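Per-entry structural report
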Amino acid sequence: MAESEINVITHLLDVEQKAAELIRGVQEEANSRISAARAQADAEYKAQYDALVQDLERQYQQKVAGISESHRKALEAYKAEIQKAPQNDGAFRDFLKKELSEQ
């Protein structure tokens, strides 16, 4: 009877070893699938992130261009207004002479 018990224990150890190998294989497969899913999710995230960054950069450049154009137009209008203003050089010289001589 001792030999049959040894055979049973040996058989159970073999079954346990096969189960451990099976679990190890399944765990490796699960890790592989998780890694692949993570890589795919990271790639999709990066693609969406890059698209968003490009869109925001495009919007920023458009706003900067709009503001620059608005500023340029305002400056041109101011210059035109100043150039249209009448100038009285004689009165200005007299004013400067008066102010500078008082000091």
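Before any of the text, the structure's been laid out above.
No experiment lies behind these values; they were computed from the predicted model shown. (Residues numbered from 1 in each chain as written. Predicted model: local features only at pLDDT ≥ 70, side-chain atom pairs only at ≥ 80, totals over all residues. Heavy atoms only, no water.)

1. Thoughts on the overall build of the protein
Per the secondary structure count, the protein includes two helices and zero strands. Relative to the globule expectation of 13 Å for 103 residues, the C-alpha radius of gyration of the protein, 43 Å, shows a markedly less compact shape. The dimensions of the protein, computed from C-alpha atoms along their principal axes, are 135 × 35 × 10 Å. Counting every position in the protein, which comprises 103 residues, the buried fraction comes to 0%. (Helix = DSSP H or I, 4+ residues; strand = E, 2+ residues; numbered from the N terminus. Rg over C-alpha atoms; globule rule 2.2 N^0.38 Å. Buried < 20%, exposed > 50% of the residue type's maximum accessible area, 1.4 Å probe, protein only.)

2. A word on the pattern of salt bridges
Using the criterion set out here, one finds four salt bridges in the structure. Residue Glu29 pairs with Arg33 through a salt bridge whose shortest N-O separation is 2.9 Å. Taken as a pair, Glu29 and Arg33 lie in helix 1 (residues 2-84) at a separation of four residues, close to a single helical turn. Owing to a relative accessible area of 59%, Arg33 belongs among the exposed residues under this scheme. (Salt bridge = Lys/Arg side-chain N within 4 Å of Asp/Glu carboxyl O.)

3. Looking at the packing of aromatic side chains
By convention here, two paired aromatic rings are described through the distance between centres and the angle between planes. In total, this model carries one aromatic pair according to the counting rule given. The interplanar angle of 20 degrees and the centroid separation of 6.1 Å between the aromatic rings of Tyr45 and Tyr49 together place this pair among those described as stacked. Of this pair, Tyr45 and Tyr49 both sit in helix 1, four residues apart, roughly one helical turn. With a relative accessible area of 57%, Tyr45 lands in the exposed category. (Phe/Tyr/Trp six-rings, centres within 6.5 Å; stacked < 30°, edge-to-face > 60°.)

4. Some words on a nonpolar patch on the surface
A contiguous nonpolar surface patch, about 420 Å² in accessible area, is contributed by Phe92, Phe95, Leu96 and Leu100. Along the polypeptide, Phe95 turns up in helix 2 (residues 89-102). Accessibility expressed as a relative area gives 44% for Phe95, which makes it partly exposed. (Patch = residues over 30% accessible without salt bridge, like charges linked within 9 Å, V, L, I, M, F, W, Y side chains within 5 Å. Areas by Shrake-Rupley, 256 points an atom, 1.4 Å probe, with all protein chains shown as cover.)

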